[in-house]
Amino acid sequence: MAKQRIKPKVILIGYKSFLQQNAYLYFSKKKYSVKKLKYTNTKNYKFKNNDIIVNFSNHKKFYYGNYSKNIDRNYNLAKKVEKSGSTFVLISTRQIYEPKMNIKETSRIKPLNNYAKNCLKSEIKCKQILKNNLLIIRLSNIIGLEKGKKKKSSLMSLIIAGI
């Protein structure tokens with residue numbers, strides 16, 4: 001009898017994220033054990049070996065302010081995940097690279113704005129902590145219809161809803 005591979009537990013950190021909501025639906029359909037967790041609830045949460053932790057949460061100041069470890073949720077989660085042996089998935093941006101077509105990991109690094117600068121610093125710090133237990137996903141433009149708990153719909157959601 002063939003051994004059945006046990007799927008890891010997927011922990012999605014964030015609360016109102018469009019991406020987090022869709023990742024939850026995807027992993028649920030694939031029969032993964034998936035849990036949504038607010039960033040504020042990670043303080044006392046015990047991550048276990050073989051968990052996959054995906055952070056969809058950012059502090060508001062991370063987008064516009066200067067870098068600080070206090071507002072870098074990726075860094076703070078990486079410190080917690082380090083001891084567990086889990087895999088941490090960091091959602092980042094392609095804006096850390098010089099703008100051009102066909103960007104690769106070897107492309108010239110030239111952050112476009114404060115958010116990109118903060119993402120780059122966060123990535124570097126997380127790599128130092130987690131080494132091979134870190135997966136960085138660089139996203140471009142995400143388009144979709146948001147449903148749920150947000151107080152105000154995004155412009156893209158309004159456009160899609162009007163089609």
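The structure this text deals with has already been given above.
Residues numbered from 1 in each chain as written. Predicted model: local features only at pLDDT ≥ 70, side-chain atom pairs only at ≥ 80, totals over all residues. Heavy atoms only, no water.

(A) Fine view of the overall build of the protein. Within the protein, the secondary structure is distributed over five helices and five strands. The order of α-helices and β-strands along the protein, N terminus first, is β-α-β-β-α-α-β-α-β-α. Burial statistics for the protein: of 163 residues in total, 37% are counted as buried. Here the contacts in the protein between residues at least 6 apart in sequence split such that 64% fall between residues at least 24 apart. Within the structure as shown, the protein displays about 11300 Å² of accessible surface, and the carbon and sulfur contribution to it stands at 52%. (Helix = DSSP H or I, 4+ residues; strand = E, 2+ residues; numbered from the N terminus. Buried < 20%, exposed > 50% of the residue type's maximum accessible area, 1.4 Å probe, protein only. Contact = heavy atoms within 4.5 Å. Areas by Shrake-Rupley, 256 points an atom, 1.4 Å probe, with all protein chains shown as cover.)

(B) Spatial organisation of helix α4 (residues 114-130). With 17 residues, α4 ought to run about 24 Å at 1.5 Å a step, and its terminal C-alpha atoms sit 24 Å apart, in line with that. By the burial criterion, the buried members of α4 are Tyr115, Ala116, Asn118, Cys119, Leu120, Ser122, Glu123, Cys126, Ile129 and Leu130. Tucked inside the fold, the buried residues of α4 contact α2 (60-64), α3 (73-82), β4 (87-93) and β5 (134-139). If you check the start of α4, you find a side-chain oxygen 3.2 Å away from the backbone N of Tyr115, and it comes from Asn113. (Expected span 1.5 Å × (residues − 1). Polar contact = N/O pair within 3.5 Å; in protein donor to acceptor, adjacent residues only side chain to side chain.)

(C) The nonpolar core, seen in detail. If you look at the biggest cluster of nonpolar residues, it comprises 24 residues, and the most contacted ones within it are Ile11, Phe47, Ile53, Phe88 and Leu130. Broken down by secondary-structure element, the contributors of at least two residues to this core are β1 (9-13), α3, β4 and α4. The element best represented in this core is α4, accounting for seven residues. If near-sequence neighbours (up to four positions away) are discounted, Leu130 is found in contact with Ala78, Val81, Glu82 and Phe88. Counting nine residues, the second largest nonpolar core, distinct from the first, contains Ala23, Phe56, Val89 and Ile91. (Core = buried A, V, L, I, M, F, W, Y, C linked by side-chain atoms within 4.5 Å.)

(D) Focus on the packing of α3 against α4. The interhelical angle for the contact between α3 and α4, taken along N-to-C directions, is 5°, at an axis separation of 9 Å. Here α3 is positioned roughly parallel relative to α4, judged by the angle of their axes. Here Asn74, Tyr75, Ala78, Lys79, Val81 and Glu82 of α3 come into contact with α4, specifically with Ser122, Lys125, Cys126, Ile129 and Leu130. (Axes fitted to C-alpha atoms, helices over the stretch in contact; angles between N-to-C directions. Parallel < 35°, antiparallel > 145°, perpendicular 65-115°, else oblique.)

(E) Broad picture of the pattern of salt bridges. In total, this model carries three salt bridges according to the counting rule given. Put simply, Arg108 and Glu98 hold a salt bridge, and the shortest N to O gap is 3.1 Å. Note that Arg108 is positioned in the loop between β4 and α4 and Glu98 in the loop between β4 and α4, a separation of ten residues in sequence. One salt-bridge network, in which partners are shared between bridges, spans Glu105, Glu123 and Arg138. (Salt bridge = Lys/Arg side-chain N within 4 Å of Asp/Glu carboxyl O.)

(F) Highlighting the packing of aromatic side chains. Within the structure shown, the criterion is met by six aromatic pairs. Aromatic pair Phe62 and Tyr115: ring centres 6.1 Å apart, planes at 80°, arrangement edge-to-face. Remark: Tyr115 occurs in helix α4 and Phe62 occurs in helix α2; sequence separation between them is 53 residues. For Phe62, a relative accessible area of 1% gives the class buried. Taken together, the ring pairs connect Phe62, Tyr63, Tyr64 and Tyr115 into an aromatic cluster. (Phe/Tyr/Trp six-rings, centres within 6.5 Å; stacked < 30°, edge-to-face > 60°.)

Nothing here speaks to function; it is geometry throughout.
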